[in-house]
Protein chains: 2
Amino acid sequence: MRVSTRVEYGLMALVDIAIHSENGESVSTTEIADRQKISQKYLEQILPQLRQAGLIKAQKGLRGGYRLGKPAEEVLLADVFNALDDSILAEMESPREEGDGALRGCINECLWEKINKNLSDFAKGKTLSEFLIECRNKSIRGWDMYVI
Amino acid sequence: MRVSTRVEYGLMALVDIAIHSENGESVSTTEIADRQKISQKYLEQILPQLRQAGLIKAQKGLRGGYRLGKPAEEVLLADVFNALDDSILAEMESPREEGDGALRGCINECLWEKINKNLSDFAKGKTLSEFLIECRNKSIRGWDMYVI
DNA sequence: CATATACCTACTATGTCAATAGGTATTTAT
DNA sequence: ATAAATACCTATTGACATAGTAGGTATATG
């Protein structure tokens, strides 16, 4: 399954912000774009969406930037999905035109709804802080590199 | 999460074929398209893909059509996915350009790979026959309608 | 006052999706 | 033999989404 770069970049930005705002300072788009090798102009479209969803807070002006909008324990993967991608947690549209046997509706109930529920449950159970810890455990070296 | 109409139509066709070839006769594209209200010309692009994957067998010529290529117990949802959609069970591409902290790779391992594994496990555990039974149990009336 | 920042809107190039269209080869029924 | 119905193949199209690019405005800070 393919995840859009919007979501991927948004998640990377969230992690970057979480790590680099620990000292109390805001993290600017420029910093994130440089560190994570993401187009700055593209990021500038993504971050306001995360802000509108309440996941980050913005500070305008010189020395401004972003911080988390709530504790990392309360930022869910599902929130990121919903903020950045209309379709990823959306269920299939209701069947357009049914044939004789309502087969389409049956497939919808038996399969797509279950698949979407699985995905949704996973995303609702995954917090940013959990994710940070998981990544950290994977590689101390990697973690050090984040902080540098 | 959105599933392509190719996959949806392919699945509907499989079910239709399974049901209507029980008497030993082949099921033609025309029949399926009519019953399920799917564009016939579009179906004509989908069914050969299912045949190449071994899920159905084709019989050319007058009175020809399709039958299952193997018992319904051995037809997996994952097979349908793989036959009709390159991306649905494909993992994310390997990260293009890593920033300082290999964050992208970490996100890949911690999230996308898990999500894909969940989906893949579900799809590999779901057989066509299971699905037929589930649909049947949902509504006797619906089932009758299939068979008519 | 200069600068660095968030934020906003428009544009573009590329690709994918969902069909549509027309034609060929093959098998069966008559 | 012939006609009809079928699978199969290839090309084309219109709409839409994706992944950016570009330029400009408002705002807070030093």
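Our structure is the block above this text.
To start, this report covers the structure provided alongside it. Since the structure is predicted, the reported quantities are computational estimates derived from the model, not experimental observations.

To continue, consider the overall build of chain A. Looking only at helices and strands, chain A features seven helices and two strands. When the elements of chain A are put in sequence order from the N terminus, they spell out α-α-α-β-β-α-α-α-α. In chain A, buried positions account for 51% of the 148 residues. Counting only contacts in chain A whose residues sit at least 6 apart along the sequence, the fraction spanning at least 24 positions is 61%. When the accessible surface of chain A is summed, it comes to about 7,400 Å², and 47% of that surface belongs to carbon and sulfur atoms.

All names here are of chain B. Where helix α4 (residues 77-84) contacts helix α5 (residues 103-124), the axes come no closer than 6 Å and their chain directions differ by 115°. Between α4 and α5, the contacting residues are L77, A78 and F81 on the first element and F122, A123 and K124 on the second. Taken together, the residues of the contact of α4 with α5 break down into five nonpolar, no polar and one charged.

Residue and element names in this part refer to chain B. Taken together, the four bridges between strand β1 (residues 56-59) and strand β2 (residues 65-68) define a ladder with antiparallel strand orientation. Pairing of K57 across the sheet is with R67, part of β2. Remark: five residues form the turn of the hairpin made by β1 and β2, two consecutive strands paired antiparallel; G61 in that turn has positive phi of roughly 80°.

This part takes up the interface of chain A and chain B. On the side of chain B, 50 residues touch chain A, which itself brings 51 residues to the contact. Applying the counting criterion to the chain A and chain B interface returns four salt bridges. A salt bridge links R104(A) to E8(B), with the shortest nitrogen-to-oxygen separation between them at 3.3 Å. Where chain A meets chain B, there are twelve residue pairs in polar contact (both at pLDDT 80 or more). Secondary structure elements with two or more residues in the side of chain A that touches chain B: α1 (5-20), α2 (29-36), α4 (77-84), α5 (103-124), α6 (128-138) and α7 (140-147) of chain A. Of the residues in the side of chain A that touches chain B, the class split is 27 nonpolar, eight polar and 16 charged.

Residues and elements named next belong to chain B. Spanning 13 residues, helix α3 (residues 40-52) covers 19 Å between terminal C-alpha atoms, matching the ideal 18 Å at 1.5 Å per step. Within α3, burial applies to L43, I46, L47 and L50. Down the axis of α3, the smallest arc covering the buried residues is 105°, so these residues share one side. Among the exposed residues of α3, those oriented more than 90 degrees off its buried face are K41 and Q52. G54, located one to two residues past α3, shows a positive phi value of around 80°.

Right, let's get into the relation of the copies chain A and chain B. Take chain A, turn it by 180°, move it 0.0 Å along the axis, and it overlays chain B with an RMSD of 0.1 Å. This pairing of chains is accounted for by a two-fold axis. Most of the interface of chain A is mirrored in chain B: 98% of its interface residues are interface residues there too.

Turning our eyes to something else, we now look at unusual backbone geometry. In most cases, non-glycine residues show a negative phi, while peptide bonds are predominantly trans. With a phi angle near 70°, R63(A) is a residue other than glycine that sits in the positive phi range. Relative to the helices and strands, R63(A) is located in the loop between β1 (56-59) and β2 (65-68).

Here we come to the protein's contact with DNA strand C. Every one of the 27 residues lining DNA strand C counts as a neighbour, but T29(A), L62(A), Y66(A), K41(B) and Q45(B) are closest to it. Considering DNA strand C, the proportion of its atoms within 4 Å of the protein that are sugar or phosphate atoms stands at 65%. Contact distances for DNA strand C include 3.1 Å between a phosphate oxygen and a side-chain N or O atom of R2(B). One of the side-chain N or O atoms of S39(B) is found 3.1 Å from a phosphate oxygen in DNA strand C. Elements that contribute at least two residues to the surface near DNA strand C include exactly α3 (40-52), β1 and β2 of chain A together with α1 (5-20) and α3 of chain B. For the surface near DNA strand C, the per-class residue count stands at seven nonpolar, 13 polar and seven charged.

Calculation rules
- Residues numbered from 1 in each chain as written.
- Chains lettered and ligands numbered in written order.
- Predicted model: local features only at pLDDT ≥ 70, side-chain atom pairs only at ≥ 80, totals over all residues.
- Heavy atoms only, no water.
- Helix = DSSP H or I, 4+ residues; strand = E, 2+ residues; numbered from the N terminus.
- Buried < 20%, exposed > 50% of the residue type's maximum accessible area, 1.4 Å probe, protein only.
- Contact = heavy atoms within 4.5 Å.
- Areas by Shrake-Rupley, 256 points an atom, 1.4 Å probe, with all protein chains shown as cover.
- Axes fitted to C-alpha atoms, helices over the stretch in contact; angles between N-to-C directions.
- Nonpolar A, V, L, I, M, F, W, Y, C, P; charged D, E, K, R; others polar.
- Pairing = 2+ DSSP bridges.
- Salt bridge = Lys/Arg side-chain N within 4 Å of Asp/Glu carboxyl O.
- Polar contact = N/O pair within 3.5 Å; in protein donor to acceptor, adjacent residues only side chain to side chain.
- Expected span 1.5 Å × (residues − 1).
- Arc of directions from axis to C-beta.
- Least-squares fit on C-alpha atoms with pLDDT ≥ 70 in both.
- Near = heavy atom within 4 Å.

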